[in-house]
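# Tertiary structure, described
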Amino acid sequence: MGNNICSSTVLTAKSLSKSFDSNVALKSLDLQVSSGEIVCLLGSNGAGKTTTINLFMGFLSPDSGEAIVNGMVVANDPAAARNYLGYVDEIVTLYPSLSGRENLDFFHALSKQPSLSDEECNRILSSLDFPMKALNSRLSTYSKGMRQKLGLAIAVAKNAKAILLDEPLSGLDPKAANDLVAVLKSLAKNGTAILLSTHDIFRAKSVGNRIGIMTGGQLVDIVDPNTLSSQDLEAVYLKHIAEGQ
Ligand SMILES: Nc1ncnc2c1ncn2[C@@H]1O[C@H](COP(=O)(O)OP(=O)(O)OP(=O)(O)O)[C@@H](O)[C@H]1O
């Protein structure tokens, strides 16, 4: 992990399973993500990545097993578990007619924190390399990369122990994707645990400390990207996908 933060487990999945009728979306997932660590879930459509994130967020209840956040079983009190979490989904669901600052203040208030001073707001947004001149513009004028940074700012402002991102790289241009990777690395360096889903093998390699490969609702492999070239990682991924079909 290469930082001085004492690492501890923030996210744990224990034999976590979820089906929708007869469709097994997630089968007996065991996974841990520690403070300061970035874990990428890589898998094709329908592999179970979003279901995993939704179970950690408490948006879904498991059929069996447990999603645990900072020692709390999420299903016992999803709202309390979410106090420790930041969440950035693919479309970054924020209020389009409010400004960036108004969105930040609104979501910050929902997490029952004291209001953010201008100084704190500037410090957080600058650390995420957010273009400050856009802060008072309506969200509907923001690019996806800017909305993601605002979503991350909401997480940072509430001191989230873990941030979960569902497909954050899809639809980003290469510079915005590079920016996001840099921001996520810097958040992890400061001790945040990060779990993200992606289809992008090469970005997963550049951002992840570990890469979990999922197919058909199962975590079939966890690889250390530092031990593999991009080509080898792609070959391992494609082999698992072929075996899962
Ligand atoms: N709310 C739901 N109702 C019914 N089936 C669902 C629901 N959510 C997910 N599924 C099914 O569960 C399986 C896993 O879906 P999931 O969204 O977790 O996959 P994913 O890896 O995130 O895929 P993608 O890359 O396409 O987002 C799929 O077969 C999907 O159709």
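Basis of the calculations
For every chain, the first residue of the written sequence is number 1, and numbering continues from 1 onward in sequence order. Local features in a predicted model are, by the rule used here, given only for residues with pLDDT of at least 70; side-chain atom pairs are given and counted only at 80 or more, and totals for whole chains, interfaces and linings are based on all residues. Nearness between a residue and a molecule or strand is assessed with a C-beta atom placed from the backbone; a distance within 6 Å qualifies. The way it works is that DSSP assigns letters per residue, a run of H or I at least four long becomes a helix, a run of E at least two long becomes a strand, and they are numbered from the N terminus. Note that Gly is not counted as nonpolar here; it falls among the polar residues with everything else outside the nonpolar set of Ala, Val, Leu, Ile, Met, Phe, Trp, Tyr, Cys and Pro and the charged set of Asp, Glu, Lys and Arg. Only the contacting stretch of a helix is used when fitting its axis, a line to C-alpha atoms as for every element, and angles between N-to-C directions run 0 to 180 degrees. Angle categories are assigned with fixed cut-offs, so that under 35 degrees is roughly parallel, over 145 is roughly antiparallel, 65 to 115 is roughly perpendicular, and the rest are oblique. It is the rotation of the near helix from the far one that decides the hand of a crossing: anticlockwise by less than a right angle makes it left-handed, clockwise makes it right-handed. For the purpose of contact definition, each residue receives a C-beta atom placed from its backbone, and two residues are in contact when these atoms lie within 7 Å. Strand pairing requires that DSSP identify at least two bridges connecting the strands.

Attention now moves to the site of the ligand. Taken together, Phe20, Asn23, Ala25, Gly43, Asn45, Gly46, Ala47, Gly48, Lys49, Thr50, Thr51 and Ser197 form the complete shell of residues around the ligand. Elements with a contribution of two residues or more to the shell around the ligand: strand S2 (23-34) and helix H1 (49-57). Take the shell around the ligand: its biggest share by element is 3 residues, from H1. Within the shell around the ligand, the residues separate by chemical class into 3 nonpolar, 8 polar and 1 charged.

Right, let's talk about the packing of helix H5 (residues 144-157) against helix H6 (residues 174-189) for a bit. Interhelical geometry of H5 versus H6 gives an angle of 15° and a closest axis separation of 10 Å. Classified by the angle their axes make, H5 and H6 are roughly parallel. In the packing of H5 onto H6, the handedness of the crossing is right-handed. Of H6, the residues touching H5 (which contributes Gly145, Gln148, Lys149 and Leu152) are Ala176, Asp179, Leu180 and Val183. Among the residues forming the contact of H5 with H6, the class breakdown is 4 nonpolar, 2 polar and 2 charged.

Attention now moves to the sheet that holds strand S1 (residues 9-20). Strand order in the open sheet formed by 4 strands is S2-S1-S4-S5, and the pairing between neighbours is antiparallel. Since the sheet does not close on itself, it has two edges, and those belong to S2 and strand S5 (72-73), each with one partner. Where S1 lies against S2, 8 bridges are found, and the strand directions are antiparallel. Note that in S2 the partner of Lys18 across the bridge is Leu26. Where H1 meets the sheet, its contacts fall on S1, S2 and strand S4 (64-69), and the angle it forms with S1 comes to roughly 115°.

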